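Structural features, examined
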Amino acid sequence: LEGYVGFANVPNQVYRKAVKHGFEFSLMVVGESGLGKSTLLNSLFLTDVYSAEYPGPSLRSKKTVQIQQTRVLLREGGVHLLLTVIDTPGFGDAINNADCWKPVVEFVESRFEEHLNAESRVNRRPLRDTRVHCCLYFLAPTGHGLKAIDIEFMKQLHERVNIIPLVAKADTMTVEECRQFKKQVLKDIQENEIHIYDFPEVDNEEDSKQTKKARASMPLAVMGSNVLVDSNGRKVRARVYPWGLAEVENSEHCDFSVLRDLLLRCHLQDLKDVTNTVHYENFRAQCLAGLAG
Ligand code: GDP
Ligand code: MG
């Protein structure tokens, strides 16, 4: 656990690049308020992205959908990861959630626009990449599949950003409930033609096994916790219940570790590549078409 996230183990050529320039990665979390987005971010990066001086959006008033950005510099094995976390608080709280996806889509597009403008300027320095590379979309563990608002939200986003759907608060479901819920969610995703990020095959054997396992457990069910507790002499991140511990990093308890490995170890670069070659290119083509028309 000690300060270990895993991004320093990225494949060799990526690693060399990352050592030289540092990695820039922007991760967005989306979902109803109270689903554990901020807590999961803290669990993922072993650091309080949100602290007492800098409380997460869920601790502030949530009258409007307001987007909150936090930058953290993570260092590991000589690799620097400049991580930007984009939190989108509070949707679902209002009586009318009709256009709640709008500020989020506009945010993603504004990053594309910035990039487009920067690209068109003559400049020898390498461009900073502030585009949104991944969106973790949190689903409430209702047991009843996707909500209308989730379908609408993901459809508004899926042509713009890599979506990884997550079942939130995995500890609130039994193993069987979780399995059923995942099945239902996947079915809803397919029937509604929502495009989610497809983890590609990787050539190294260990990661390939990981990826296969992960694909079979989509959508990944996660939980987060801000406390470390003692479990048989080991300090583990866990949720404490009267009947025992739900351990965040125990893969029998939830898919948190699977998510962390996929996201930060195996597919960080692919998420950036897909953002550039698919989502950004789409956006650029639409802009050009708009200009021509
Ligand atoms: P956000 O609004 O989505 O950012 O949610 P927060 O991270 O602020 O968490 C909202 C509440 O849910 C807090 O009371 C957390 O302690 C609790 N919580 C966070 N993660 C989990 C989880 O994985 N399982 C359970 N049962 N509760 C969680
Ligand atoms: Mg929050």
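Per an unreviewed UniProt entry, the chain is named Septin, and its organism is Eptatretus burgeri. The heading Sequence similarities (unreviewed entry) in the UniProt record of the chain holds the text "Belongs to the TRAFAC class TrmE-Era-EngA-EngB-Septin-like GTPase superfamily. Septin GTPase family."

The full count for this structure, using the stated rule, is two cavities of 30 Å³ or more. If you add up the space inside the largest cavity, you get close to 60 Å³. Here the lining of the largest cavity takes three residues from strand β1 (residues 23-30), the largest share from any one element. Looking at side-chain class alone, the lining of the largest cavity contains two nonpolar, three polar and five charged residues. Size it by volume and the second largest cavity reaches roughly 30 Å³. Leu139, Ala140, Thr142, Gly145, Leu146, Lys147, Asp150, Phe181 and Val185 are the residues that line the second largest cavity. Of the residues that constitute the lining of the second largest cavity, the class distribution is five nonpolar, two polar and two charged.

Right, let's get into the sheet that holds strand β9 (residues 244-247). The strand order across the open sheet formed by three strands is β7-β8-β9, and the pairing between neighbours is antiparallel. Each of the sheet's edge strands pairs with one partner strand only, and the pair in question is β7 (228-231) and β9. Neighbour-to-neighbour, the strand axes of the sheet open up by a mean angle of 70°, direction not taken into account. As paired strands, β7 and strand β8 (residues 234-241) are joined by four bridges and run antiparallel to one another. In the strand pairing of β8, serine 231 is matched with arginine 234.

Right, let's talk about helix α5 (residues 175-191) for a bit. In this model, α5 (17 residues) spans 25 Å end to end at C-alpha, consistent with the 24 Å of a helix rising 1.5 Å per residue. Cys178, Phe181, Lys182, Val185, Asp188 and Ile189 are the residues of α5 that are buried. Projected onto a plane normal to the axis of α5, the buried residues spread over an arc of 130° and lie on a single side. Residues of α5 that are exposed and point over 90 degrees away from its buried face: Lys183, Gln190 and Glu191.

Attention now goes to the pattern of salt bridges. Per the stated rule, a full pass over the model turns up 13 salt bridges. Across the salt bridge formed by arginine 128 and glutamate 24, the nearest N and O atoms sit 2.7 Å from each other. Of this pair, arginine 128 sits in the loop between α3 (102-120) and β4 (134-139) while glutamate 24 sits in strand β1, and the two are 104 residues apart along the sequence. Glutamate 24 gets classed as buried once you look at its relative accessible area, which sits at 15%.

This part covers the packing of aromatic side chains. In this structure the tally under the stated criterion is five aromatic pairs. Measuring from centroid to centroid gives 5.2 Å for phenylalanine 112 and phenylalanine 283, while their planes differ by 40°, and the two rings are tilted. Separated by 171 residues along the polypeptide, phenylalanine 112 in helix α3 and phenylalanine 283 in helix α8 (residues 268-292) bring together distant segments of the chain. Take phenylalanine 112 and phenylalanine 283: they sit in the same class, and that class is buried. If you follow arginine 131 out to its NZ or CZ, it ends over the ring of tyrosine 280, 4.8 Å from the centre.

Let us now look at the pairing of β8. Hairpin connection of β7 to β8: two residues between the antiparallel strands, including asparagine 232 at a positive phi of 50°. In the sheet, β8 pairs with β9 via four bridges, with the strands oriented antiparallel. For arginine 239, the partnering residue across the bridge sits in β9 and is alanine 246. Hairpin connection between β8 and β9: a loop of two residues separates the two successive antiparallel strands.

Okay, the environment of leucine 44 next. Relative to the elements of secondary structure, leucine 44 occurs in helix α2 (residues 37-45). Leucine 44 sits 186 residues away from aspartate 230 along the chain, and the two C-alpha atoms are 19 Å apart.

What follows covers the confidence of the model for the chain. A residue-level look at the chain finds 82% of positions with pLDDT of 70 or above and a mean pLDDT of 84. Across the chain, the element-wise mean pLDDT spans from 57 in helix α1 (residues 12-21) up to 98 in strand β5 (residues 163-167). Across residues 57-65 the pLDDT falls below 50, and counting only partners more than four positions away or on other chains, this stretch makes 13 contacts in the model. On the interface metric, ipTM, the complex scores 0.99, and its pTM is 0.88.

Look at the link from methionine 218 to proline 219: it is a cis peptide, with omega at -10°. As for its placement among the helices and strands, proline 219 is situated in the loop between α6 (205-216) and β6 (220-221).

Definitions and limits used
Residues numbered from 1 in each chain as written. Chains lettered and ligands numbered in written order. Predicted model: local features only at pLDDT ≥ 70, side-chain atom pairs only at ≥ 80, totals over all residues. Heavy atoms only, no water. UniProt positions renumbered as here; feature names shortened; annotations may be inferred. 1 Å grid on protein atoms, 1.4 Å probe; cavity = no way out; pocket = protein on both sides within 12 Å on 5 of 7 lines; lining within 4 Å. Points joined across faces, edges and corners; volume = space filled by probe spheres on them. Helix = DSSP H or I, 4+ residues; strand = E, 2+ residues; numbered from the N terminus. Nonpolar A, V, L, I, M, F, W, Y, C, P; charged D, E, K, R; others polar. Pairing = 2+ DSSP bridges. Axes fitted to C-alpha atoms, helices over the stretch in contact; angles between N-to-C directions. Expected span 1.5 Å × (residues − 1). Buried < 20%, exposed > 50% of the residue type's maximum accessible area, 1.4 Å probe, protein only. Arc of directions from axis to C-beta. Salt bridge = Lys/Arg side-chain N within 4 Å of Asp/Glu carboxyl O. Phe/Tyr/Trp six-rings, centres within 6.5 Å; stacked < 30°, edge-to-face > 60°. Lys NZ or Arg CZ within 6 Å of the ring centre and 35° of its normal. pLDDT = per-residue confidence, 0-100. Contact = heavy atoms within 4.5 Å.

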